Amino acid sequence: MGIYLNSSNAFTLYKNETAKPYFVDKSLMLRKLFPLIDQGSHYICITRPRRFGKTVMANMISCFLAKSKNSHVLFDGLKISLADNYEEHLNQYNVIHIRFNESPGGCRTYEEYISRISRRLIRDLQSAYPDIRIQPDEDVWDVLLEIYEYADGGQFIFILDEWDYIFHRDYVTDADKKDFIEFLCCLLKDKAYVRMAYMTGILPIAKYSSGSELNIFAEFTMAKSPEFSDFFGFTEKETDELFQRYLLQHPEAEIRREDLRYWYDGYCTALGERIYNPRSVVYALQYNHLENYWTSSGPYDEIFYYIEKNTADVRDDIALMVSGISVPAKIREYAALSMNLQTRDEIFSAMVVYGFLSYENGFVSIPNKELMDRFDDMLRKEPSLGYVYRLAKESERMLRATLDADAETMAEILEYAHNTEVPLLNYNHETDLAAVVNLVYLAARDTYRIEREEKSGAGYADFIFYPEDRRADRIILELKVDHTPEEAVRQIKEKKYALRFEGKTADRKRYTGRMLLVGIAYERGTKKHRCKVEIADG
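Quick look at the structure, then. Given the structure is predicted, the values throughout are model-derived calculations rather than measurements. (Residues numbered from 1 in each chain as written. Predicted model: local features only at pLDDT ≥ 70, side-chain atom pairs only at ≥ 80, totals over all residues. Heavy atoms only, no water.)

## So, the sheet that holds strand β4 (residues 194-201)
Let me state the cut-off plainly: Criterion used throughout: strands pair if DSSP finds at least two bridges between them. A helix here means a DSSP run of H or I that spans at least four residues, while a strand means a run of E at least two residues long, and both kinds are numbered starting from the N terminus. Note on method: axes are straight lines fitted to C-alpha atoms, helices fitted across the in-contact stretch only, with angles between N-to-C directions ranging 0 to 180 degrees. The contact rule is simple, with two residues in contact once any of their heavy atoms fall within 4.5 Å.
Read from one edge of the open sheet, five strands run β2-β3-β4-β1-β5, paired in parallel fashion. Two strands lie at the open edges of the sheet, namely β2 (94-99) and β5 (218-221), each paired on one side alone. Each neighbouring strand pair of the sheet contributes to a mean axis angle of 15°, computed without reference to strand direction. Note: β2 against strand β3 (residues 156-161), six bridges, orientation parallel. Bridge pairing in β3 links Val95 to Ile157. Across the face of the sheet, helix α3 (residues 54-65) comes into contact with β1 (42-47), β2, β3 and β4 while running at roughly 160° to β3.

Set out below in structure tokens:
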């Protein structure tokens, strides 16, 4: 055993993962790899946004295949143990598992980074194959080839996690990037000692590998490739099962099933299956608290980095997406690798690859509250976004006016929004009006969970504002075009929309603040807004 060769590190890490209360068994992915191993010379690259389980799956594959440990104790109780060729593959291979997101302390150059990897791997090989005489200046691929030819060492399975880590380091130059691609090419391409190479990362290979250096890899992305899509992120069914575990472990549960959907859903596989951010779901259930767990480690600048490359070209689309409207885009995921983004589609491609936007059927959108909070943060800090920034700032005043039942100020702000450049269709339908309302109540998202009920038929309100603080005011908002705000408030009462709050309380009185019935109306003939706020009993 060594640091990279047949290391026990992956075994320990995956063992720890299986012991966690919200562990999800995705071991059946191994069944898809078995034929590739049997055939030999297969190269696959899985790309996903960060925190979507890439490293967990790499550890699982490594500890299942590697000779380092007897892994029966981990896998005998998992789904893969029922596979016909389970025993045939369990702990049968020499596995080289490199985590490229590890670098020496104080690393300042690419040469320090890559030399450490080569040095450690050669040391592992020397220990495992002492009869092979290795010269100090030999390259690691030459050593591996000698082992294959002369030491009857057989073939190796390579597990390469976070392959693109080095491209995000400040000290890495364009020349270094080319050298790293060359390193991977020399290590893997056309080498008889490679039985299979499994590689993960955020970024696809194609853009960095401008020629044919790494054309050996089949790449599988979330938006475009259905294969392996079930194994990264949590499906609806898996999230349902986790939520049931949560209820058993937390008698005083603070989270509802729909909360997880509102906060962490919104991603979509190439086959149209809904996917939740796994890290965020697990943390929320573990700590019995909804929070921005995935993006909390990075500032809003991560999102604005892409938008600022061409603010004018994407500003209107950002306004639409923040308003809850998906916008068409041609997503070419390889374009996201360029740090010199120019066009609207390149910018949105990058944001899809990094998980800031979701992509489905030719449209991009902001996936969930977790990401919407980041966009909200950005909109209120970046004057370069023009009218979007100004509307975001006005949203703070809109919430205050609503809570003060100041219908005149509310109408004034809506007039301002209507007279800006907001590209919301013709503003002729309640759908268009709802999009504007989403913008002017942007600040309310800090303290409310805002749900828009889009089902047709009686009994569905346009917007329900659920306060995070149970003592705060509740808001039910109804929209009307060519009708009066009084009619909107009357509909709220007649349809008994207030029962929404009773249905959310888990059999105990949850909300104690006032209930505000808000009607917003737009008259197309006069192009004027009118508002009404009524304080209801209960």
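## Considerations on the sheet that holds strand β9 (residues 358-360)
Taken in spatial order, the three strands make up an open sheet running β8-β10-β9, and their pairing is antiparallel. Of all the strands in the sheet, just β8 (327-328) and β9 have a single pairing partner and so form its edges. Sheet topology note: the β8/strand β10 (residues 363-365) ladder contains two bridges and is antiparallel. Bridge pairing in β10 places Val327 opposite Val364.

## Observations concerning unusual backbone geometry
One non-glycine residue, Ala405, lies in the positive phi region at around 55°. Relative to the elements of secondary structure, Ala405 occurs in the loop between α16 (387-403) and α17 (407-418).

## Considering helix α9 (residues 236-249)
Our working definition: By this rule the span expected of a helix is its residue count minus one, scaled by 1.5 Å. Here the term buried applies to any residue with accessible area under 20% of the maximum for its type, exposed to any over 50%, and partly exposed to those in between, with areas from a 1.4 Å probe on protein chains only. The arc in question is formed by the directions pointing from the helix axis toward the C-beta atoms.
The first and last C-alpha atoms of α9 sit 20 Å apart over 14 residues, in line with the 20 Å expected at 1.5 Å per residue. When α9 is considered as a whole, its buried residues turn out to be Glu238, Thr239, Leu242, Phe243 and Tyr246. Mapping the buried residues of α9 onto a view down its axis gives an arc of 135°, with all of them on the same face. Opposite the buried face of α9, by more than 90 degrees, sit the exposed residues Lys237 and Leu248. Next to the buried residues of α9 lie α10 (257-264) and α11 (278-287).

The values are spatial; any link to function lies outside them.
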